[in-house]
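Topology and contacts: notes
So the chains spell out like this:
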Amino acid sequence: MTVTARPAVGSGAVIGTTALRRHLNLVRELAITQFKLKYTGSVLGYLWSLFKPMMLFGITYAIFVYLFNVGRTSPHFALQLLVAIVLFTFFQEATATAMSSVAGTGHLIRKAHFPRSILVLASSLSAFITFLINMTLIIVVGSAIGQMDLGLRSLLTPLFIVELYALVLGFSLGLSALFVFYRDLGHIWEIVTQLLLYGSAVVYPYSLLTHGHRLLGQIAGLNPVAQIIEDVRHALVAGNLPYPPGVNYGSGPAVPWMASILGAATYLVPLSLVAAIVALGVTIFRRLEPRFAENL
Amino acid sequence: MLAGRLENVWVDFRDQRRRLGRRHAWRSALREITLDLPEGEKLAVIGGNGSGKTTLLRTIAGIYEPTRGSAEIHGRVVSVIEVDSGAGRDMTGRENLQLLAVLFGLSRSELRRRYDHILSLTGLSADDLDQPVYTYSAGMKLRLHFALAVGCAPVVLAVDETLSVADEAFQAHCIESMDELSRRGTTVVLASHDLDLVTRWADRTVVLDQGRILLDATPAEAVAYYRDRFGDQHAAHRAGEAGVRVVGFTS
């Protein structure tokens, strides 16, 4: 008995130009629709996407600066914190929203045949639109107050953002597929993102992580979220070359050539982790995709 | 010319009962389905509740993938199976049309070209179209969905027992539209409990039971066979639809 993939309406290994255009069109429509629907019925609308990270920033800044006396010495701490919070909020919201992007759209899945990964892609793109608007606002405000360094180093920022988006997409694909069958995942992911928030030096300077706990800092630096956030901070705000993760960002490396070797090696770990997460996400999604419709 | 063909199709679903420490069991919703879909044919599918009609339509529409066997449709398939929420209940009728059109595979230029025609097919006023879909009645949602399905000019149109929510005039309009599509070469597959409609409308009818095709014949033969074999069940179903409590049957 032969098992044949359904080739007629665009899915499958070989996608023609027409099917590709149709899929891109659908991604675009869904992303725009989700972006609009997110703010339907809300008085402040899009402003919530700006207020939420700003509120988290205000609370965190007050606690760390006034209560724990952290970051007072750095004139750039406020902007570094804000950049990190906006990056992390994107990671957190995009993965959380994408997780329910398949389970929450059973009404679309039961209507037509299309690659289900489009739902995840559209969801993450919708969050990405919000992130880009927020990031642009920060760059404009940061430049206006003279704390943003938009030199050559800042050109590295898009690379780190691509890395972040790949990470978000990898997690989103895996989580959204598993969430159709295991709803416990929503609760587990909330705890994991909290762990990442405090383990990735988002709300405090990276130097605090490595201070007195160099090994801990180096291990934390292997986490791609920490690496991306710290590198974007350095590319945009502090004005230093983005040091490799695991090397003490606070005071800079003592021996520059050693830092280069260490840097190259330690960059490989977070990048490999991102690649592994994307590969795992795609594998899980492709394996579970045929069973979505019957479970929704 | 064939618009599509299902060959030896099995669709297995996982048993949803949770059985700790034991592997999930599987049940077959469709078994050994082989079905040709000639261009322009009006095919009716009849069978009792749970016989596999909707699963068959969803398999034709590509929503379910065959577990075994192959299902091939040579072009765009549009289904009118589930019309409850459209593409999103908070979106307006117009927004729903736009998203569903893209979902059914219409390109932006195709949609631009056919948009006014599709709007006119809905029979809804401009005011209605600007309201969110959660304010619509079931019949209005069907109008929206059906107009789009017809306006997409599909190769295969799969319609489930959703027409029953429409008023008599719109039901007649739907039948006319399906006839018109069929004349233009679209294969129309209709699952229905209305045996009189099936006899009047279809070119060919298949009888389904427990996921298997019991008979593939002319509508008159299929309906006679179905009434003979499942007459009591069918009468109970129709009586239930009409709000009558069936207490027993006499031969």
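For the structure, see preceding data.
A short tour of the structure in this document, coming up. Source: prediction; values computed, not measured.

**Concerning the interface of chain A and chain B**
Taken residue by residue, the interface counts 32 residues in chain A and 48 residues in chain B. Linking A:Lys36 and B:Glu95 is a salt bridge whose minimum nitrogen-to-oxygen distance equals 3.8 Å. At the boundary of chain A with chain B, the tally comes to five residue pairs in polar contact (both at pLDDT 80 or more). Put simply, the parts of the chain that give the side of chain A that touches chain B at least two residues each are α1 (17–38), α4 (106–109) and α12 (292–295) of chain A. In terms of residue count, α1(A) provides more of the side of chain A that touches chain B than any other element does, nine residues in total.

**Some words on the environment of A:Lys52**
With respect to the helices and strands, A:Lys52 occurs in helix α2 (residues 47–67). Separated by 34 residues in sequence, A:Lys52 and A:Val86 have C-alpha atoms that sit 9.5 Å apart.

**A short note on helix α5 (residues 117–144) of chain A**
The first and last C-alpha atoms of α5(A) sit 40 Å apart over 28 residues, in line with the 40 Å expected at 1.5 Å per residue. Positive phi shows up at A:Gly146, right after α5(A), with a value of about 75°.

**Some words on the packing of aromatic side chains**
One pair of aromatic rings is described through two measures. These are the centre distance and the angle between the planes. All names here are of chain A. In the structure shown here, the tally under the stated rule is 17 aromatic pairs over all chains. Where Phe 57 meets Tyr 61, the ring centres are 5.7 Å apart and the plane angle is 35°; that geometry is what we call tilted. Here the residue Phe 57 and the residue Tyr 61 both occupy positions in helix α2, the gap between them amounting to four residues, near one helical turn. By relative accessible area, Phe 57 is classed as buried at 15%. Residue Tyr 61 is classed as partly exposed on the basis of its relative accessible area, which comes to 25%. Summarising the aromatic geometry, the rings of Phe 181 and Phe 292 are spaced 6.4 Å apart at their centres and angled 40° between planes, so their arrangement reads as tilted. A residue pair is termed long-range when its members are at least 10 positions apart, and Phe 181 in helix α6 (residues 157–181) and Phe 292 in helix α12 qualify at 111 residues. A single burial state applies to Phe 181 and to Phe 292, both of which are buried. Connected via pairs of aromatic rings, a cluster forms that spans Phe 57, Tyr 61, Tyr 66 and Phe 77. Taking the ring centre of Phe 114 as reference, the NZ or CZ of Arg 116 above it sits at 4.7 Å.

**Quick notes on the sheet that holds strand β6 (residues 156–159) of chain B**
Residue and element names in this part refer to chain B. Strands sit in the order β5-β6-β7-β3-β8-β9 across an open sheet of six strands; the sheet is mixed. Looking at strand neighbours, the two that pair on one side only are β5 (77–80) and β9 (212–217), the edges of this open sheet. Here the average twist between neighbouring strands, direction ignored, is 20°. In the sheet, strand β3 (residues 42–47) pairs with strand β8 (residues 204–209) via five bridges, with the strands oriented parallel. Bridging across to β8, Leu 43 finds its partner in Arg 204. Strands β5 and β6 of the sheet are contacted by helix α5 (residues 138–151), whose axis makes an angle of about 165° with β5.

**A short note on the side chain of A:Glu29**
Here A:Glu29 is to be found in helix α1. Among the residues examined, A:Glu29 registers a relative accessible area of 10% and is labelled buried. A distance of 3.2 Å separates a polar atom in the side chain of A:Glu29 from a polar atom in the side chain of A:Arg28. In contact with A:Glu29, other than residues within four places in its own chain, are B:Gln98, B:Leu99 and B:Val102.

Cut-off values and rules
Residues numbered from 1 in each chain as written. Chains lettered and ligands numbered in written order. Predicted model: local features only at pLDDT ≥ 70, side-chain atom pairs only at ≥ 80, totals over all residues. Heavy atoms only, no water. Contact = heavy atoms within 4.5 Å. Salt bridge = Lys/Arg side-chain N within 4 Å of Asp/Glu carboxyl O. Polar contact = N/O pair within 3.5 Å; in protein donor to acceptor, adjacent residues only side chain to side chain. Helix = DSSP H or I, 4+ residues; strand = E, 2+ residues; numbered from the N terminus. Expected span 1.5 Å × (residues − 1). Phe/Tyr/Trp six-rings, centres within 6.5 Å; stacked < 30°, edge-to-face > 60°. Buried < 20%, exposed > 50% of the residue type's maximum accessible area, 1.4 Å probe, protein only. Lys NZ or Arg CZ within 6 Å of the ring centre and 35° of its normal. Pairing = 2+ DSSP bridges. Axes fitted to C-alpha atoms, helices over the stretch in contact; angles between N-to-C directions.

None of the figures reported here should be taken as evidence of function without further support.
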